[in-house]
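Structural features, examined
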Amino acid sequence: MPEPVLAPQADVDAEMAAITGAYEQAGVVETQPRRDYAPYRSSLLRHPTKSLHHADPETIELWAPCFGPTDVDPLEADLTVQHTGEPIGERMVVTGRVTDGEGRPVRHQLVEIWQANAGGRYVHKRDQHPAAVDPNFTGVGRCLTDGDGWYRFTTIKPGPYPWKNHRNAWRPAHIHFSMFGTEFTQRVVTQMYFPGDPLFALDPIFRSIVDPAARARLVASYDHDVTTHEWATGYRWDIVLTGSNRTLTETDTEDGDH
Ligand SMILES: [Fe+2]
């Protein structure tokens, strides 16, 4: 099958600029990713085209799966010690607090992450772009929040990677996060980004959240108090599961591969 002809970045930039302009004129704050954000090509095929059928959650959906200390080993929060050798790249810690919309800590709940390695490569058969797989890095971890809602991971800073949305398309470096709250309706699947990434303006997934303040909530802060002497750089990223300041979800728009 012939390779599809991919649009140049300039075309995608123009589409994104037009949508941003229309959004700014509309004057309505829109904090969630758009389901059918045309510059993000596959988003058009990944959302319902008819109105959702509203239903009250059944009783079982009011409770999330419950994971305890016997299910999750503390070592699973360190993605740099899963193999016999040291992974390549910038060792980093990311930590933050998970709260609900009222600022209450979400305690003892499961946080999962998955990510590319320092070269931007996933350990996944669909990722075949020519960057090296690191035999000492799988890119998957999980932990439970503590009694005050804190999570903490030690990992390797992921690299940006190309994808086939358009010609010369590159994703900003990111870590995928899933947070279980205390009920299924609180679950959040999203992506955390790194401050100052030059690819932000070019990325249709990041920009499918059209409100700039909402986008900014997906960007971690560099935190020198988290950085440790001669060991790891540190980033802080807090997550709000419900309420008007909630962290954006991608449940309806993203299959998690990107
Ligand atoms: Fe990704």
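What this report covers is the structure whose coordinates are included nearby. (Residues numbered from 1 in each chain as written. Predicted model: local features only at pLDDT ≥ 70, side-chain atom pairs only at ≥ 80, totals over all residues. Heavy atoms only, no water.)

With that out of the way, let us pick up the overall build of the chain. Across its full length, the chain holds two helices and eleven strands. For the chain, the succession of helices and strands along the chain, N to C, is α-β-β-β-β-β-β-β-β-α-β-β-β. Computed over its C-alpha atoms, the radius of gyration of the chain comes to 19 Å, within 12% of the 18 Å expected for a compact globule of 258 residues. In terms of its C-alpha atoms, the chain occupies a principal-axis envelope of roughly 50 × 45 × 40 Å. Within the span of the chain, comprising 258 residues, buried residues form 46% of the whole. Intrachain contacts of the chain at a sequence separation of at least 6 include 72% that bridge at least 24 residues. With the model as given, the accessible surface of the chain reaches about 13,900 Å², and the carbon-plus-sulfur share is 57%. Averaged over its 24 positive side-chain charges, the chain has a centre that lies 4 Å from the centre of its 36 negative ones. (Helix = DSSP H or I, 4+ residues; strand = E, 2+ residues; numbered from the N terminus. Rg over C-alpha atoms; globule rule 2.2 N^0.38 Å. Buried < 20%, exposed > 50% of the residue type's maximum accessible area, 1.4 Å probe, protein only. Contact = heavy atoms within 4.5 Å. Areas by Shrake-Rupley, 256 points an atom, 1.4 Å probe, with all protein chains shown as cover. Lys, Arg positive; Asp, Glu negative; His and termini not counted. Charge placed at Lys NZ, Arg CZ, Asp CG, Glu CD.)

Sheet architecture is open: four strands sit in the order 3-2-7-8, paired in antiparallel fashion. Each edge of the open sheet is held by one strand with a lone partner, namely strand 3 (140–144) and strand 8 (188–193). Neighbour-to-neighbour, the strand axes of this sheet turn through a mean angle of 20°, independent of strand direction. (Pairing = 2+ DSSP bridges. Axes fitted to C-alpha atoms, helices over the stretch in contact; angles between N-to-C directions.)

Considering all chains together, one arrives at ten salt bridges under this definition. The closest approach of N and O atoms between Arg-104 and Glu-102, which form a salt bridge, is 3.2 Å. Close ionic contact of Arg-236 with Asp-238 constitutes a salt bridge, the shortest N to O distance being 2.9 Å. Each of Asp-100, Glu-102 and Arg-104 takes part in a single network of salt bridges with overlapping partners. (Salt bridge = Lys/Arg side-chain N within 4 Å of Asp/Glu carboxyl O.)

So, about the pairing of strand 8. Counting buried residues along strand 8, six of its six residues qualify, which places the element largely inside the surrounding structure. Side chains Val-188, Thr-190 and Met-192 of strand 8 all project onto a buried face; the interleaved residues Val-189, Gln-191 and Tyr-193 project onto the opposite face, where all are buried too. Across six bridges, strand 7 (residues 174–179) lies against strand 8 in antiparallel orientation. Of the residues in strand 8, the one forming a bridge with His-176 is Gln-191.

For strand 1 (residues 91–99), a buried count of eight out of nine residues is recorded, marking the element as mostly surrounded by other parts of the structure. Relative to strand 4 (residues 150–156), strand 1 is paired through seven bridges, and the arrangement is antiparallel. Note on strand 4: the bridge partner recorded for Met-92 is Thr-155. With four bridges connecting them, strand 1 and strand 10 (residues 233–236) associate as parallel partners. Paired with Thr-95 across the strands is Arg-236, a residue of strand 10. In the sheet, strand 1 pairs with strand 11 (residues 239–240) via two bridges, with the strands oriented parallel. By the bridge assignment for strand 11, Val-98 is matched with Ile-239.

With that settled, the discussion passes to the side chain of Gln-9. Position of Gln-9 relative to the elements: it lies in helix 1 (residues 9–26). Under the relative-accessibility criterion, Gln-9 is labelled buried at 16%. A polar atom in the side chain of Gln-9 sits 3.2 Å from the backbone oxygen of Leu-202. Not counting residues within four places of it along the chain, the set of residues in contact with Gln-9 comprises Met-16, His-166, Arg-167, Asn-168 and Leu-202. (Polar contact = N/O pair within 3.5 Å; in protein donor to acceptor, adjacent residues only side chain to side chain.)

Between the first and last C-alpha of helix 1 there are 26 Å, a value that for 18 residues agrees with the 26 Å anticipated at 1.5 Å per step. All of the buried residues along helix 1 are Gln-9, Val-12, Met-16, Ile-19, Thr-20 and Tyr-23. Mapping the buried residues of helix 1 onto a view down its axis gives an arc of 100°, with all of them on the same face. What points out from helix 1, more than 90 degrees from its buried face, is the exposed set Ala-10, Ala-18 and Gln-25. Residues of helix 1 that are buried make contact with helix 2 (212–216). In the segment just after helix 1, Gly-27 is the residue with positive phi, at about 70°. (Expected span 1.5 Å × (residues − 1). Arc of directions from axis to C-beta.)

The values reported here are purely geometric and, on their own, carry no functional implication.
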